[in-house]
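Here's the letter readout for the chains.
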Amino acid sequence: DVHDEAGQISIEKQLKQLEGIALWSMLTKPKPKVRFQRCINILLSTRSATDTDPNGLALLREEKEAIREILNTAEFGARAGEIKKVKAMLERLNEHRLVIQHQNRME
């Protein structure tokens, strides 16, 4: 369950969703107006929770598809500016894997 004792969405779930938004923003490079609106939506999300998106942070289907499309291209990471992005993504994936391994040992 992603909810805590008070019925709120867990911090882990919120962070996972925020990472998705950060990845979308980093890879798709939306226009400033779109990025700004997304940030406003994040700030307002705590006030307008719904069952389908309890904290307003879920990526839209189109945003997920855009991420997949960019990551599936052979050119991603080939340019100098993208190397830092790839490194950051790999570091985060490594951290995630380490957490899962640690949790498995604890069980």
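Before reading further, recall that the structure is shown in the block above.
Residues numbered from 1 in each chain as written. Predicted model: local features only at pLDDT ≥ 70, side-chain atom pairs only at ≥ 80, totals over all residues. Heavy atoms only, no water.

**Student:** Mind showing me how you'd approach the side chain of Lys85 here?
**Tutor:** Tracing the backbone shows Lys85 in helix α4 (residues 80-106). Apart from the residues lying within four places of it in its own chain, the contact partners of Lys85 are Met26 and Lys29. (Helix = DSSP H or I, 4+ residues; strand = E, 2+ residues; numbered from the N terminus. Contact = heavy atoms within 4.5 Å.)

**Student:** Honestly, the packing of aromatic side chains in this entry has me stumped. Any pointers?
**Tutor:** When we look at a pair of aromatic rings, we describe it by the centre distance and by the angle of the planes. As enumerated under the stated definition, the model contains zero aromatic pairs in all. Here the guanidinium or amino end of Arg38 rests over the ring plane of Trp24, the centre of that ring lying 5.6 Å away. (Phe/Tyr/Trp six-rings, centres within 6.5 Å; stacked < 30°, edge-to-face > 60°. Lys NZ or Arg CZ within 6 Å of the ring centre and 35° of its normal.)

**Student:** Please clarify how the pattern of salt bridges should be interpreted in this entry.
**Tutor:** Any two side chains of opposite charge can pair if their charged atoms end up close together. Scanning the model with the defined rule gives five salt bridges in all. Ionic pairing is found between Arg38 and Glu63, a salt bridge with its closest N-O pair at 2.6 Å. Separated by 25 residues along the polypeptide, Arg38 in helix α2 (residues 32-44) and Glu63 in helix α3 (residues 61-71) bring together distant segments of the chain. Note on accessibility: Arg38 and Glu63 belong to one class, buried. Between Glu65 and Arg61 there is a salt bridge, and its shortest N-O distance comes to 3.0 Å. With Glu65 and Arg61 both in helix α3 and four residues apart, this pair spans about one turn of that helix. Assessed through its relative accessible area of 36%, Glu65 is described here as partly exposed. When its relative accessible area of 55% is taken as the criterion, Arg61 is described as exposed. One connected set of salt bridges, linked through shared partners, spans Glu19, Arg92 and Glu95. (Salt bridge = Lys/Arg side-chain N within 4 Å of Asp/Glu carboxyl O. Buried < 20%, exposed > 50% of the residue type's maximum accessible area, 1.4 Å probe, protein only.)

**Student:** Teacher, can you tell me more about a nonpolar patch on the surface here?
**Tutor:** Among the surface-exposed residues, Ile11, Leu15 and Leu18 lie close enough to one another that they form a single nonpolar patch of about 260 Å² accessible area. Following the sequence through the fold, Ile11 ends up in helix α1 (residues 11-28). (Patch = residues over 30% accessible without salt bridge, like charges linked within 9 Å, V, L, I, M, F, W, Y side chains within 5 Å. Areas by Shrake-Rupley, 256 points an atom, 1.4 Å probe, with all protein chains shown as cover.)

**Student:** So what exactly am I meant to see when it comes to the packing of α1 against α4 here?
**Tutor:** Any two packed helices are characterised by the angle at which their axes cross and by the distance between the axes. Axis separation between α1 and α4 bottoms out at 12 Å; the angle between their running directions is 165°. With respect to their mutual orientation, α1 and α4 come out roughly antiparallel. Seen along the crossing, α1 lies across α4 with a hand that is left-handed. In contact with Glu19, Leu23, Met26 and Leu27 of α1, α4 contributes Lys85, Met89 and Arg92. Here the residues of the contact of α1 with α4 sort into four nonpolar, no polar and three charged. (Axes fitted to C-alpha atoms, helices over the stretch in contact; angles between N-to-C directions. Parallel < 35°, antiparallel > 145°, perpendicular 65-115°, else oblique. Left-handed = near helix turned anticlockwise from the far one by under 90°. Nonpolar A, V, L, I, M, F, W, Y, C, P; charged D, E, K, R; others polar.)

So far we have only geometry, and geometry alone does not tell us how the molecule works.
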